[in-house]
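Here is what each chain is made of, one letter per residue.
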Amino acid sequence: MDTDSEECEDIELLSKALEDAMISNPEGYHAFLVVVKFGNRFTKEEQKAIQLFKGILGEDFLKNYGIIVMCNGDNFKREASKNNMTVETYCNSQMGLFRSLLDDCNNRIVLFNNVTEDEYEKYQQVKNLVNAVDQLQNSGRRYTNDSFKKVEDKRKHMMVTSNINVIEKDILIKQRVILDNMKNIQEYSKSDEIQKIEKLQKLMPQIDELIQDLQTKDRGTGALHKLFENVKEARKNLSDTIEFNKTVVKNREESKAREEAIKKEAEEKKRKAKLKLEQEMIEKQKELEEQLKQLNDLKEKERAKMKEEMDAKLKDKLEKEKKKIEQKAADDLKTMEAEIIKRYHISQQ
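Let us look at the structure shown here.

So, how was this worked out
Every chain is numbered on its own, with residues counted from 1 as its sequence reads. With pLDDT at 70 or above as the cut-off, local features in this predicted model cover only qualifying residues; side-chain atom pairs require 80 or more to be listed or tallied, and sums for whole chains, interfaces and linings still use all residues. To get the side-chain values, take all heavy atoms of the structure and skip hydrogens and water. Under the DSSP-based scheme used, a helix requires at least four consecutive residues in state H or I and a strand at least two consecutive residues in state E, with every element numbered from the N terminus. The atom set for the radius of gyration is the C-alpha atoms, and the globule formula is 2.2 Å times the number of residues raised to the power 0.38. To sort residues, take the accessible area from a 1.4 Å probe on protein chains only and compare it with the maximum for the residue type: under 20% means buried, over 50% means exposed, and anything in between is partly exposed. With residues, only the protein chains shown are counted as cover, and all accessible areas are computed by Shrake-Rupley using a 1.4 Å probe. Residues counted as positive are Lys and Arg, residues counted as negative are Asp and Glu, and His and the chain ends are not counted. Lysine's charge is taken at NZ, arginine's at CZ, aspartate's at CG and glutamate's at CD. The salt bridge criterion pairs a side-chain nitrogen of Lys or Arg with a carboxyl oxygen of Asp or Glu, the two atoms within 4 Å. When checking whether two residues touch, look at their non-hydrogen atoms; a contact exists if any pair is within 4.5 Å. Under the pairing criterion, centres of Phe, Tyr and Trp rings, with the six-membered ring standing for Trp, must be within 6.5 Å; the plane angle then separates stacked pairs below 30 degrees from edge-to-face pairs above 60, leaving the rest tilted.

## Quick look at the overall build of the chain
Within the chain one finds 12 helices and 3 strands. Relative to a compact globule of 349 residues, whose C-alpha radius of gyration would be 20 Å, the chain shows 54 Å and is clearly more extended. Dimensions of the chain along its principal axes, counting C-alpha atoms only, are 165 × 105 × 35 Å. Sorting the 349 residues of the chain into buried and exposed places 29% on the buried side. Only carbon and sulfur atoms are counted for the fraction: they give 52% of the accessible area of the chain, which is about 25,100 Å². Across the chain, 67 positive and 69 negative side-chain charges occur, with their mean positions spaced 6 Å apart.

## Overview of the pattern of salt bridges
Inspection of the entire model under this criterion finds 25 salt bridges. A salt bridge links Lys217 to Asp213; the shortest N-O distance between them is 3.2 Å. One end of the pair is Lys217 and the other is Asp213, both in helix H11 (residues 193-218) and 4 residues apart, which spans about a single turn. Under the relative-accessibility criterion, Lys217 is labelled partly exposed at 27%. A relative accessible area of 22% places Asp213 in the partly exposed class.

## Observations regarding the side chain of Asp74
If you trace the backbone, Asp74 turns up in helix H4 (residues 73-83). The buried category is assigned to Asp74, whose relative accessible area is 18%. Here Asp74 is in contact with Asn113 and Val115, once residues within four sequence places are set aside.

## Section: the packing of aromatic side chains
The full count for this structure, using the stated rule, is 10 aromatic pairs. Both rings, one in Phe38 and one in Phe76, keep their centres 5.1 Å apart while their planes meet at 85 degrees; by these two values the pair is edge-to-face. Of the two residues, Phe38 sits in the loop between strand S1 (32-37) and helix H2 (44-57) while Phe76 sits in helix H4, which places them 38 residues apart along the sequence. Like Phe76, Phe38 is buried. Taking the centre distance of 5.6 Å and the plane angle of 90 degrees together, the rings of Tyr65 and Tyr143 count as edge-to-face.

Structural data, given as structure tokens:
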């Protein structure tokens, strides 16, 4: 982990990496190895990184699962031969930040010589590490995804508080802009109250967006409660200002309505009289139209009757003419048949 990077980004990246590690190994992990170099000073940045891991994995994760692996064992051996020093006496002599790390890991530490070519030494130091892990395993504990989830609230709280200064600065700047706009609209705008209300109402979604942004960034931790209350108070001020202008508009409209009431009352009487006259005219018009319709219907019936009589006469005449034609055709046919028969007999003689 880059201990010089922004803390909030460190937390996000590290949390995601550890979450993926937990999901990829559901059975959990027997131990967490903290690798340090013998001869190097354990710095405040490294201590900060350890605190970061505690915030993400839980305050007791080193106590229950931590093992320090101290590399550069070849250098340690040289120092040990000069000073008659063992790993135990070295650890007991430590103070400050590294002492705190040893305490966190319950003095579980394994020395590693990274450059040795001695196969036995390689085997022995691996065995020592496995034995240290086995001691943890014998207690029946593993760090699993369930363990990771138990500290989720604390992890979220740490993520929020690590970035609280940036969040607060950003929110307060945006809030200041909204309040300044509100003041300008209320004090310096030449618009009437209705236009002021419209302009002020356009600020409401902006401040609601700030509140929503705070809720999202707070992640349910309550770490941004004070800032959240500050923005809510600003929203209340905006809402009260809008309501004040609405009251001004309402009172003005009510006064105007009372002035117009008397005028409307007189106009109403005149309107009703005119309406009554118009209604009577409409009724009279309907009556005349109904009489005209009845007259037209009567004429239409007479015309229909005359047409029906004429059609009947014409049909009868046509029937008679048809019968005459048919009779004449039948007589002519008989005459022709008789003539043909006569000629046939003559030709036979």
